[in-house]
Amino acid sequence: MRKHNFNPGPATIPNVVLEEAAQSLLEYQGAGMSFAEMSHRSPQVMAVVEEASALVKRLYGLGEDYEVIWMQGGASAQLAIAPMNLLNTNRSVAIVNTGFWADKAIKAAQELGRVVVPASSEVTRFDHIPQGWHLPADAQYFHLVSNETIDGTQWQEYPDLAVPIVADMTSDFLTRPLPIEKFGLIFASAQKNFGIAGTTCVVIRKALLEQRQARKIPTIFDYATHVAEHSLYHTAPTFAIYVALLALRWTLAQGGLEEMARRNAQKAALIYAEIDENPLFTGSVRVEDRSVMNACFRINLPELEQKFLDFAAQNDVVGVKGFPTVGGFRASMYNALPLESVQLLVDLMRGFAQRHG
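Computed from a predicted structure; not experimentally measured. (Residues numbered from 1 in each chain as written. Predicted model: local features only at pLDDT ≥ 70, side-chain atom pairs only at ≥ 80, totals over all residues. Heavy atoms only, no water.)

### As for helix α2 (residues 43-60)
In an α-helix, one turn spans 3.6 residues; hence positions three or four apart end up facing the same way.
Thought 1: The terminal C-alpha atoms of α2 lie 26 Å apart, and with 18 residues this matches the ideal 26 Å at 1.5 Å per residue to within 8%.
Thought 2: Every buried residue belonging to α2 is among Val-45, Val-48, Val-49, Ala-52, Ser-53, Leu-55, Val-56, Lys-57, Leu-59 and Tyr-60, and all of these are buried.
Thought 3: Summarising the contacts, the buried residues of α2 are in contact with β2 (66-71), β8 (200-205), α7 (238-254) and α8 (256-277).
Thought 4: Once α2 ends, the next one or two residues include Gly-61, with phi positive near 65°. (Helix = DSSP H or I, 4+ residues; strand = E, 2+ residues; numbered from the N terminus. Expected span 1.5 Å × (residues − 1). Buried < 20%, exposed > 50% of the residue type's maximum accessible area, 1.4 Å probe, protein only. Contact = heavy atoms within 4.5 Å.)

Shown next, in the form of structure tokens:
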């Protein structure tokens, strides 16, 4: 029996994706070998990379002015690679501090250049997205974390700025349509909404590639290298890209990003309604900035926290424990998590409150 998986990542994968991936791990399309055994320069692997990139473009409606590449190292590596490629030594990067991952981005960028933090919600424990800030005059680009996986906030609308937005979208990539013209660079590791850990999808506006920086960029970390080599400059994480392709096919077959957005909004509305109505639980984030992907909440009687986690586990619900530095609970509801799983969690919250409230 499959568990109801609310893990923040690696996360739930559609059964049809797992089944096809499992078969291809044993033998790929009658080739007499596993996909994982194939050369990264073989026609089969090259075709998978090409189709995966094309599907990202199709789902987001990207034109010829954007490139899609696949890299290793996870989104954390991109926190350094992005400023390495995009930040001039005489300019700054602006980063609004919205939580754990924005703070990591600030520290990573500070190792490579000047960072300006025009606003922060740290004083209120990152319970909202700051508003009313101003972009520094010398900012070369603006970095944001579109969805804070750990703190449970999400940018519901993206600012109109005179500089490109660089977005860490690891936890809400492919979950909703985007005003793509606002973005110069988007990156997301695959293990939340489109596959397994091991690869990161990077979407970059071609014009940014042409703005070469004064600093010397190591070849392996230069976006232009991977664009020129179609993501195959070195041995790519081939099986992870293959699983990403299967997840992208599934996303398209389900109705694309509009349908993903509808389903995700439905799941979020269900659990937040229970959090607001249940006397035993309290939401951790201001209503207007609540994440659709990661619902963070607390129990009003802390001594019952572990009891609720045990109760959930006894009913096949896993992954709802909050991040260690934050505490409480976190229900991660990525694309592949069914509404039925959220309904079960809501029923458990209601039953637990009746018993202990």
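### With respect to the sheet that holds strand β7 (residues 183-189)
Thought 1: Read across the sheet, seven strands follow the order β2-β8-β7-β6-β5-β3-β4 without closing on themselves; strand pairing throughout is mixed. Two strands bound the open sheet, and with one partner strand each, they are β2 and β4 (114-116). Geometrically, the sheet is characterised by an average inter-axis angle of 20° between neighbouring strands, direction not taken into account.
Thought 2: Bridge analysis of strand β3 (residues 92-95) against strand β5 (residues 139-145) gives four bridges, and the strand direction is parallel. Considered in β5, the bridge of Ser-92 is made with Ala-139.
Thought 3: Each of β2, β5, β6 (165-168), β7 and β8 touches helix α3 (residues 74-86); the most contacted strand, β7, lies at about 155° to it. (Pairing = 2+ DSSP bridges. Axes fitted to C-alpha atoms, helices over the stretch in contact; angles between N-to-C directions.)

### Here's the deal with the packing of α7 against α8
Thought 1: Orientation of α7 relative to α8, taken along the N-to-C sense of each, is 80°, at an axis distance of 7 Å. With respect to α8, the element α7 is oriented roughly perpendicular. Contacts between α7 and α8 pair Trp-250, Thr-251, Leu-252 and Gln-254 from the former with Gly-256, Leu-257, Glu-259, Met-260 and Arg-263 from the latter.
Thought 2: Tallied by class, residues from the contact of α7 with α8 come to four nonpolar, three polar and two charged. (Parallel < 35°, antiparallel > 145°, perpendicular 65-115°, else oblique. Nonpolar A, V, L, I, M, F, W, Y, C, P; charged D, E, K, R; others polar.)

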